[in-house]
Amino acid sequence: MLAVVINTIAGACIIACQRGDAVLYFLFGGIFSLVFSFPGFVVVWITLYILLKKRYCCNEVISALLVVGVVIAALIYGVFFLVFPLGKEDILFLCLATTSGCTGVGLSYKNIWRHCLQRDGQELTIDQTGQKEHTPH
């Protein structure tokens, strides 16, 4: 969700600086950003769920999410500009969209890492349940 906020604010600033009336662009930019980004948000969460369920290591999960985030951001960008062509600023918004996607994953890094560590710790505890304690002689 933070990626959507970053994308909305930065995109609205870019358009407002070039065309004026920043409040209008913030309002409509926020609404359209949520509408267009929600499917991408769902895809990223499903990807995260699948990767964690299949027990991928944390580095693989984060790397995959970065790739998925960039690809989804580029696809959402493409759909958005098919619906609302803006002209010469297109490449700037593509950079903004992909940066926002990476930023969203990057800001979730600690939470993802913590979840992986908790998952690995729980597996270790379960594996050791019922085993004799080994004491050094």
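Just so you know, these numbers come straight off a predicted model, no measurement behind them. (Residues numbered from 1 in each chain as written. Predicted model: local features only at pLDDT ≥ 70, side-chain atom pairs only at ≥ 80, totals over all residues. Heavy atoms only, no water.)

**A closer look at a nonpolar patch on the surface**
There is a patch of nonpolar side chains on the surface, built from Leu 24, Leu 27, Phe 28, Ile 31 and Val 35 and spanning about 460 Å² of accessible area. Within the secondary structure, Ile 31 sits in helix H2 (residues 22–53). (Patch = residues over 30% accessible without salt bridge, like charges linked within 9 Å, V, L, I, M, F, W, Y side chains within 5 Å. Areas by Shrake-Rupley, 256 points an atom, 1.4 Å probe, with all protein chains shown as cover. Salt bridge = Lys/Arg side-chain N within 4 Å of Asp/Glu carboxyl O. Helix = DSSP H or I, 4+ residues; strand = E, 2+ residues; numbered from the N terminus.)

**Some words on the side chain of Thr 98**
Looking at the secondary structure, you find Thr 98 in helix H4 (residues 90–107). Among the polar contacts made by the side chain of Thr 98, one reaches the main-chain carbonyl oxygen of Cys 95 at a distance of 3.1 Å. (Polar contact = N/O pair within 3.5 Å; in protein donor to acceptor, adjacent residues only side chain to side chain.)

**As for the confidence of the model for the protein**
Low-pLDDT portions of the prediction should not be read for the details of their coordinates. Averaged over the protein, the pLDDT score is 75; the fraction of residues at 70 or greater is 69%. Helix H1 (residues 2–19) is the least confidently modelled element of the protein, averaging 68 in pLDDT, while helix H3 (residues 58–83) averages 86, the highest of any element. (pLDDT = per-residue confidence, 0-100.)

**Digging into the nonpolar core**
Listed in full, the 10 residues of the largest apolar core are Leu 48, Leu 51, Leu 52, Cys 58, Val 61, Ile 62, Leu 65, Val 105, Ile 112 and Cys 116. Listing elements by their share of this core, those giving two or more residues are H2, H3 and helix H5 (109–128). If one sorts the elements of this core by residue count, H3 sits on top with four residues. (Core = buried A, V, L, I, M, F, W, Y, C linked by side-chain atoms within 4.5 Å. Buried < 20%, exposed > 50% of the residue type's maximum accessible area, 1.4 Å probe, protein only.)

**With respect to unusual backbone geometry**
Working note: non-glycine residues mostly have negative phi, and peptide bonds are mostly trans. One non-glycine residue with positive phi stands out, namely Arg 55, at about 65°. Along the chain, the position of Arg 55 falls in the loop between H2 and H3.

**Focus: the packing of aromatic side chains**
For the structure shown, the criterion picks out three aromatic pairs. Ring plane angle 35° and centroid distance 6.4 Å describe the contact between Phe 38 and Phe 41, whose orientation is recorded as tilted. Within this pair, Phe 38 and its partner Phe 41 are both found in helix H2, separated by three residues, close to a single helical turn. Taking relative accessible area as the criterion, Phe 38 reaches 51% and is therefore assigned exposed. A relative accessible area of 29% means that Phe 41 is categorised as partly exposed. Consider the rings of Tyr 109 and Trp 113, whose centres lie 5.9 Å apart with planes at 20°: the pair is stacked. Note that Tyr 109 and Trp 113 are positioned in helix H5 at a spacing of four residues, about one turn of the helix. Here the aromatic cluster, defined as three or more aromatic residues joined through ring pairs, consists of Phe 38, Phe 41 and Trp 45. (Phe/Tyr/Trp six-rings, centres within 6.5 Å; stacked < 30°, edge-to-face > 60°.)

**Some words on the environment of Asn 59**
By the element assignment, Asn 59 lies in helix H3. Under the relative-accessibility criterion, Asn 59 is labelled partly exposed at 48%. Spatially, the C-alpha atom of Asn 59 lies 8.4 Å from that of Trp 113, the residues being 54 residues apart in sequence.

**Quick notes on the side chain of Thr 47**
Considering the arrangement of structural elements, one finds Thr 47 in helix H2. If near-sequence neighbours (up to four positions away) are discounted, Thr 47 is found in contact with Leu 65 and Val 68. (Contact = heavy atoms within 4.5 Å.)

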